[in-house]
Amino acid sequence: MSNQHSLTANPAPLGLCGFALTTWLLSLINNGTFSGDNVGLVLAMGFAFGGTAQMIAGMFEFSKGNTFGFTAFTSYGAFWWSFALFKVFFAANVSAAFIGWYLVAWGTFTLMMFIGTLAKARALQAIFLALTITFYLLAIGDFTENKVWTNIGGNFGLLTALLAFYLAAADIINDSFGRTVLPIGEPKK
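Residues numbered from 1 in each chain as written. Predicted model: local features only at pLDDT ≥ 70, side-chain atom pairs only at ≥ 80, totals over all residues. Heavy atoms only, no water.

Draft legend 1. Up close: the nonpolar core. With 40 residues, the main nonpolar core has Leu-16, Tyr-76 and Phe-128 as its most contacted residues. Those elements that place two or more of their residues in this core are helix H2 (12-30), helix H3 (39-63), helix H4 (67-90), helix H5 (96-117), helix H6 (122-144) and helix H7 (147-177). Per-element accounting of this core gives the leading share, nine residues, to H4. (Core = buried A, V, L, I, M, F, W, Y, C linked by side-chain atoms within 4.5 Å. Buried < 20%, exposed > 50% of the residue type's maximum accessible area, 1.4 Å probe, protein only. Helix = DSSP H or I, 4+ residues; strand = E, 2+ residues; numbered from the N terminus.)

Draft legend 2. Highlighting the packing of aromatic side chains. Scanning the model with the defined rule gives 18 aromatic pairs in all. Between Tyr-76 and Trp-106 the ring centres are 5.7 Å apart and the planes differ by 40 degrees, which places this aromatic pair in the tilted class. Of this pair, Tyr-76 sits in helix H4 while Trp-106 sits in helix H5, and the two are 30 residues apart along the sequence. In this pair, the class of Tyr-76 matches that of Trp-106, namely buried. Look at Phe-79 and Phe-135: their rings are 5.5 Å apart centre to centre, the planes differ by 80 degrees, and that puts the pair in the edge-to-face class. On the criterion of sequence distance, the pair formed by Phe-79 in helix H4 and Phe-135 in helix H6 is long-range, its members being 56 residues apart. An identical accessibility class is assigned to Phe-79 and Phe-135; each is buried. (Phe/Tyr/Trp six-rings, centres within 6.5 Å; stacked < 30°, edge-to-face > 60°.)

Draft legend 3. The arrangement of the side chain of Gln-54 in detail. Locating Gln-54 in the fold gives a position in helix H3. On the basis of relative accessibility, which here comes to 1%, the residue Gln-54 falls in the buried class. Here the side chain of Gln-54 touches Gly-50 through a polar contact of 2.7 Å, landing on its backbone oxygen. Apart from residues lying up to four places away in sequence, Gln-54 is in contact with Gly-15, Gly-18, Phe-19, Phe-49, Phe-73, Thr-74, Tyr-76, Gly-77 and Trp-80. (Polar contact = N/O pair within 3.5 Å; in protein donor to acceptor, adjacent residues only side chain to side chain. Contact = heavy atoms within 4.5 Å.)

Draft legend 4. Examining the side chain of Ser-75 more closely. Along the polypeptide, Ser-75 turns up in helix H4. What Ser-75 contacts, discounting residues up to four positions off in sequence, is Phe-70, Trp-106 and Phe-109.

Draft legend 5. Region of interest: the packing of H6 against H7. The N-to-C vectors of H6 and H7 enclose an angle of 160 degrees; their axes lie 8 Å apart at closest approach. It follows from the interaxial angle that H6 and H7 lie roughly antiparallel. In this structure, the crossing between H6 and H7 has a hand that is left-handed. When grouped by side-chain class, the residues that make up the contact of H6 with H7 number 17 nonpolar, eight polar and no charged. (Axes fitted to C-alpha atoms, helices over the stretch in contact; angles between N-to-C directions. Parallel < 35°, antiparallel > 145°, perpendicular 65-115°, else oblique. Left-handed = near helix turned anticlockwise from the far one by under 90°. Nonpolar A, V, L, I, M, F, W, Y, C, P; charged D, E, K, R; others polar.)

Draft legend 6. Up close: the UniProt feature "transmembrane region" (unreviewed entry) in the protein chain. According to UniProt, the feature "transmembrane region" (unreviewed entry) maps to residues 12-29, 41-60, 67-90, 96-116, 123-140 and 152-169 in the numbering used here. What you have in residues 41-60 is 100% helix and 0% strand, and the ends, taken at the C-alpha atoms, are 27 Å apart. (UniProt positions renumbered as here; feature names shortened; annotations may be inferred.)

Draft legend 7. Broad picture of a nonpolar patch on the surface. A cluster of nonpolar side chains, namely Trp-81, Leu-85, Val-88, Phe-89 and Phe-90, defines an oily patch on the protein surface of about 490 Å² accessible area. For Trp-81, the location among the structural elements is in helix H4. When its relative accessible area of 34% is taken as the criterion, Trp-81 is described as partly exposed. (Patch = residues over 30% accessible without salt bridge, like charges linked within 9 Å, V, L, I, M, F, W, Y side chains within 5 Å. Areas by Shrake-Rupley, 256 points an atom, 1.4 Å probe, with all protein chains shown as cover. Salt bridge = Lys/Arg side-chain N within 4 Å of Asp/Glu carboxyl O.)

Structure, rendered in structure tokens:
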């Protein structure tokens, strides 16, 4: 049994990179660096990498028995699919306030997941804390239809993406070197 586990790759870097890259691109629109005219590329990334890669990572976390990783990657993969489908097919028929509630729902789910990270690595905690704040700030932006809140939420989204890239890099680099090169703040046992 332990030999089988040692031959199993860690799916987390794949899921984290899918999440980070897609979040980074959307956040560049949300923070006002680029206009919403560029959302098509985000949608393609949402389907191909943010959505699909995270779903794949989630299924592999399931096979490893990692309930947290399975729930996180599968759920956020579904988020990217739902976001892309919404933008492609339904955006014209939905009010800003209802989009705000969509973001509040995801923020609340993310808050639950953040609480689940409190027994895990500090780097993972930082990702989920920043993402919780991101969702709530973006929701405020939609509720108030005030771009300042959306821009601030976009900046928090960039922070979230960078934190996710850091954890993905730490997982890959630390595994490659067989020692801690990039610390992730492992919890005390």
